[in-house]
Amino acid sequence: MDKFTGKIWVLGDDIDTDIIIPTEYLALKTVQDMAPYAFSPLRPELARQIQEGDIIVAGKNFGCGSSREQAPEIIKALGIKCVIAKSFARIFFRNSINNGLLLIENDKLQSDVKEGDEITVAINEYIECHEKQYLITSLPENLVEILNAGGLVRAMQKRNHVKV
């Protein structure tokens, strides 16, 4: 998971967990059942358009609202490789890492890109778009370990030599 390229979807500020997955769909049995309704209050067609390896670029306060663990799980189930935003709600940030979804804070990228652009992300190094590089802050090694394992549970199983 060192470097990857993906098409971006641009979202605005304050994308809360009720936009990511509205409450009425939380009763569905699985995250895969919920995924088609992701972002439906904002853009009902978006979940159908997202492809494996795509990237979300958003504004400030992404993931605000209720602490809903399904929100990062659904984003990951859609095939989103990572979310890059100006800032994240803290509990959403940690829930995402624990579920193996990479989040990157960058306050410049959103204003320099348009939907459909392709960007390259070099983990813990930079984001590249339109031949311009945006340096990114490195995540601590323990969080990288969790992301590389696919989530906290898998990381602990691997660390403790538990077969999955």
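Now for a look at the structure at hand.

1. Describing the pattern of salt bridges
Between side chains of opposite charge, a pair can form as their charged atoms come close.
In step 1: Enumeration over the complete set of coordinates arrives at 9 salt bridges.
In step 2: Across the pair Lys-60 and Asp-14 runs a salt bridge, and its minimum N-O distance is 3.7 Å. A residue pair is termed long-range when its members are at least 10 positions apart, and Lys-60 in the loop between strand S2 (55-58) and helix H4 (70-77) and Asp-14 in the loop between strand S1 (3-10) and helix H1 (17-20) qualify at 46 residues.
In step 3: Judged by relative accessible area, which is 40%, Lys-60 ranks as partly exposed.
In step 4: On the basis of relative accessibility, which here comes to 34%, the residue Asp-14 falls in the partly exposed class.
In step 5: Salt-bridge contacts for Asp-18 lead to Arg-68; the nearest nitrogen and oxygen are separated by 2.8 Å. Of this pair, Asp-18 sits in helix H1 while Arg-68 is found in the loop between S2 and H4, placing the two residues 50 residues apart along the sequence.
In step 6: Residue classification places Asp-18 among the partly exposed residues on the basis of a relative accessible area of 34%.
In step 7: Where salt bridges share partners, they join Arg-43, Glu-45 and Glu-115 into one cluster.

2. Quick notes on H4
In step 1: Regarding H4, the residues found buried are Ala-71, Pro-72, Ile-74 and Ile-75. Angular distribution of buried residues about the axis of H4 spans 160°; they occupy a single face of the element.
In step 2: Residues of H4 that are buried make contact with H1, helix H2 (31-34), S2, strand S3 (82-85) and helix H5 (90-98).
In step 3: One or two residues past the end of H4 sits Gly-79, with phi positive at roughly 100°.

What counts and what doesn't
Think of each chain on its own: its residues are numbered from 1, step by step along the sequence as written. Local features in a predicted model are, by the rule used here, given only for residues with pLDDT of at least 70; side-chain atom pairs are given and counted only at 80 or more, and totals for whole chains, interfaces and linings are based on all residues. With hydrogens and water excluded, all non-hydrogen atoms of the structure serve as input to the side-chain values. Basic side-chain nitrogens of Lys or Arg form a salt bridge, by our definition, when they fall within 4 Å of a carboxyl oxygen of Asp or Glu. Numbering of helices and strands runs from the N terminus; a helix is a DSSP stretch of H or I covering at least four residues, while a strand is a stretch of E covering at least two. Categorising residues by exposure relies on relative accessible area from a 1.4 Å probe, with only protein chains included: less than 20% of the type maximum marks a residue as buried, more than 50% marks it as exposed, and the intermediate range marks it as partly exposed. Summarising the geometry, the arc corresponds to the directions from the helix axis toward the C-beta atoms. Working rule for contacts: check all heavy atoms of both residues, and any pair within 4.5 Å makes them a contact.

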